[in-house]
Amino acid sequence: MVRVRFAPSPTGHLHIGGARTAIFNWLFARHNKGKFILRIEDTDRSRSTEESIREILEAMRWLGLDWDEGPYRQTERMEIYRREAERLIREGKAYYCYCTPEELEVIREEMKKRCGVPKYDGRCRNRKEPREGVRPVIRFKVDTEGETVFHDLIKGEIRYPNSQLDDFIIVRSDGTPTYNFVVVVDDALMGITHVIRGDDHLNNTPKQIQLYRALGYEPPKFAHVPMILGPDRTKLSKRHGATSVMAYREEGYLPEALFNFLVRLGWSHGDQEIFSKEELIELFTLEAVGKSPAVFNPEKLLWLNHHYMKTYPVDKLSELLAEFLEKEGIVEDASKIDRKWLEEVVVAFRERSKTVKEMAHHCAFLFKAPESYDEDGVKKFFKPEVVPYLEAIAEEIENASQFTKEAIDEIFKRVLDRFGIKLKAVAQPVRLAITGRTVSPGLHEILLLTGKEESVRRIKKAVEFIKSLG
RNA sequence: GGUCCCGUCGUCUAGCCCGGUUAGGACACCGGCCUCUCAAGUCGGCGGCGGGGGUUCAAAUCCCCCCGGGACCA
């Protein structure tokens, strides 16, 4: 039975890189009908917060990453780590070290000169007596002979010279266990079969393998996924802009789009770009994960998001739009908006909006008549000669017995015929009158959505405005 | 500094294991078509094997060296 885990530390948001690691783990579990376990690595109490845990869980739910076990918390497992550390000491595989920071400094210098690596020389290995006034750390007895060889499911065979290693600390002098120790204890005790994580941990693996063996556990299979880089090819971080999953939700991205995008960053299946979750579960394998780091490309995410918006269930998208209309301060109370009508808004705008937030702003004119008109538009389209056209259209609309797409077609046809003009001559002036802008969905849509009376009002108002220009 | 990992269009990538393709797709960009604007759609264009040596009839692909980037250990 495949068992994998995602183990974030709750010291901030769930960021893009962590989310992708979680997704790969989740897909691997689902593909292999295994278990996906969530573990919170909160041993760093000074930097871990409850708020952060809540946010990470929320981000995972938003992405649709459900877990089968957990969330476990390392702070609740301290007793286990203590017990395992003591066991190592009892078995002579670990020892108390009383060296002071000053001594360590000197030792490292010496070792660096001797073998090129600034490491601990293991001098406390055979110490029998404690030292007065020094609280000891616990160090693990590392085998520095030969090399550690393992087969990484993504990177292939990794050979690492053990001479690089030293007796690293597994429990600090304040009694708290270190990362490399707890991660091994947890993964072993939780029965993790595959450790899928960022390749920044690749160099930690040899020492962890030694720990597994010393503790008497079989090491799991490892798969190190390359990191996500910013446009400047350095590790993606805050200074590259929005990097938290929740920030993308706030910006009006769809979870399906972010999910799809993140998977394709480093994983591929031939030329295919769009994948449903079901397809991904079916197709995902670690062999198809690339070895090289990937640069985060916001434009492609935007394209994918737009694609998902165009194919999203209209009722769901309209609910999201309602949410953003409120959040963006475009309407006071979105619950008052007629849902049927709002769905029509979605259909009219989704072709031309890349995010839900953008859509909210694009359709804002429907909720509030324009207070001003686009400056260039006024110069180009609000010419005196369009006044009679607009007046005619307003009048025709006013007198229309019904206000449908067909009726609007008829109205425009009659007006165009009467003046012997093309639609081009009035389309932009009408658009500017209704929306205040030169860009919008088609005339039918904006007129229909704005409504008969409001349309007449806006066109008449535009006529007054043009006249006032003199 | 030592060690480990990585290197195909600007970006994400297919192709590499198992040598023979006009090196394929996608985003972005540019242009045509469509058209009431903007999009969408559609057609086309631009653009790449980090460098150098080998091996071979033939190298993105196999071997060696170098260079570049990243990570880990302090």
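Counting restarts for each chain, with residues numbered from 1 along the sequence as it is written. Both sets of labels track the order of writing: A upward for chains, 1 upward for ligands. The model is predicted, so local features are restricted to residues of pLDDT at least 70 and side-chain atom pairs to those at 80 or more, both for listing and for counting; the totals for chains, interfaces and linings are taken over all residues. As a rule here, side-chain values come from all non-hydrogen atoms in the structure, and water together with hydrogens is ignored.

Engineer: Describe unusual backbone geometry, listing the residues and the values that go with them.
Structural biologist: Phi at Lys 33 is positive, roughly 55 degrees, even though this residue is not glycine. Structurally, Lys 33 is set in the loop between α1 (16–31) and β2 (35–40). Each helix is a run of H or I in the DSSP string that is no shorter than four residues. Each strand is a run of E no shorter than two, and both are numbered from the N terminus.

Engineer: Describe in detail the domain arrangement of chain A, supporting the description with residues and values.
Structural biologist: When cut into domains, chain A gives domain 1 (1–66 + 226–308), domain 2 (80–171), domain 3 (312–368) and domain 4 (369–470). These domain boundaries are the output of an automatic or database domain assignment. A straight line from the C-alpha centre of domain 1 to that of domain 3 covers 27 Å. Should any heavy atoms of two residues lie within 4.5 Å, those residues are considered in contact. Contact with domain 1, which involves 12 residues of that partner, is made by 14 residues of domain 3. For the pairing of domain 1 and domain 3, the buried interface totals around 950 Å² over both sides, and the portion due to carbon and sulfur atoms is 52%. Here, a salt bridge means any side-chain nitrogen of Lys or Arg that lies within 4 Å of a carboxyl oxygen of Asp or Glu. Glu 251 is paired through a salt bridge with Lys 357; the nearest N and O atoms lie 3.2 Å apart. Think of a polar contact as two N or O atoms within 3.5 Å of one another; within protein, one of them needs to be a possible hydrogen donor and the other a possible acceptor, and neighboring residues in sequence only count if both atoms come from side chains. Applying the counting rule to domain 1 against domain 3 returns 7 residue pairs in polar contact (both at pLDDT 80 or more). At the level of secondary structure, the elements contributing two or more residues to the side of domain 1 that touches domain 3 comprise α7 (245–250), α8 (255–264) and α10 (298–311). No other element matches the 4 residues that α10 contributes to the side of domain 1 that touches domain 3. Of the residues contributing to the side of domain 1 that touches domain 3, the split by class is 5 nonpolar, 3 polar and 4 charged. As used here, buried area is the combined drop in accessible area, with a 1.4 Å probe, of two parts when they are placed together. For this classification, Asp, Glu, Lys and Arg are treated as charged, while Ala, Val, Leu, Ile, Met, Phe, Trp, Tyr, Cys and Pro are nonpolar and the rest, including Gly, are polar.

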